[in-house]
Amino acid sequence: MAKAANILNAVLRCLDFIPALATAWGNFAARKDSLTFLIALPRVSLMLELVLFPDERLHKISSSVENINGEIKELVDQMMEIMHQGGGIGLAGVQVGRMESLFVVHVLEEAPLVFINPEITSCSDNLVPYEEGCLSIPGVYAEVMRPDAIELRAWNQQGEEFTMETRGVLARVIQHEYDHLRGVLFYEHLKRGMKKRLLATYEKSRNQ
Ligand SMILES: [Zn+2]
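Residues numbered from 1 in each chain as written. Predicted model: local features only at pLDDT ≥ 70, side-chain atom pairs only at ≥ 80, totals over all residues.

(A) A look at the overall build of the protein. A count of helices and strands for the protein gives five helices and nine strands. Of the regular secondary structure in the protein, the N- to C-terminal order runs α-α-β-β-α-β-β-β-β-β-β-β-α-α. The 208 residues of the protein split such that 37% are buried. Pairs at least 24 apart in sequence give 66% of the contacts found in the protein among residues at least 6 apart. (Helix = DSSP H or I, 4+ residues; strand = E, 2+ residues; numbered from the N terminus. Buried ≥ 20, exposed ≤ 12 C-beta atoms within 10 Å, placed from the backbone. Contact = placed C-beta atoms within 7 Å.)

(B) Spatial organisation of the environment of V65. Here V65 lies in the loop between β2 (47–51) and α3 (70–85). Taking C-alpha positions, V65 is 7.2 Å from I116, a pair spaced 51 residues apart along the chain.

(C) Summary view of the nonpolar core. Of all hydrophobic cores here, the largest spans 45 residues; its most connected members are M79, L91, F103, V104 and V105. Looking at which element gives the most residues to this core, the answer is α3, with six residues. Apart from residues no more than four positions distant in its own chain, M79 is found in contact with L91, V96 and V104. (Core = buried A, V, L, I, M, F, W, Y, C linked by C-beta atoms within 7 Å.)

(D) Unusual backbone geometry, seen in detail. Residue F53 is joined to P54 through a cis peptide bond whose omega torsion reads 10 degrees. A positive phi angle, near 40 degrees, is found at L108, a position not held by glycine. Within the fold, L108 resides in the loop between β4 (102–105) and β5 (113–123). A count of 10 C-beta atoms within 10 Å places L108 in the exposed class.

Structure (structure tokens):
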């Protein structure tokens, strides 16, 4: 029971990333500027790379998806696979070098979710702390304050519009991924000293 609780805590305390897998993945990923995943699929073979900080693309603003076609569906399928392979629970298009406004999320026992052209329409005034990490900045974590609850609208992989009200971990992951679409990384929410320390730790791990 205690073991199960520890595992749950380990999963809950992180964001893009599951800490139990972070060390092995981080040690590997931090040595490279980008990683390339080639996934053989019957319809379209997309070549996606996991974009790592300090790649400039991570600061760019993503563009609306005009048409949720077969390529977009394939893209989100492959992003879901890369997110799972990396031990993550959220992944935005820009993190695999694609500038379409979309991200995928898979939190604990919830079903995997796809958000295309998402728009957060409302945020609670209540801000809460939570430790975040990011697949694009492997190996570093920090507590970030964000609204506890949000409302949003988006389109799913089938091209259907939906709205959602959510709070807690799911709301947290969605806000983190939504930031990616606006070129914002989680460390940018930190106070100056914290930000500096986090980036110095990341830089050090990359050079080891
Ligand atoms: Zn991230």
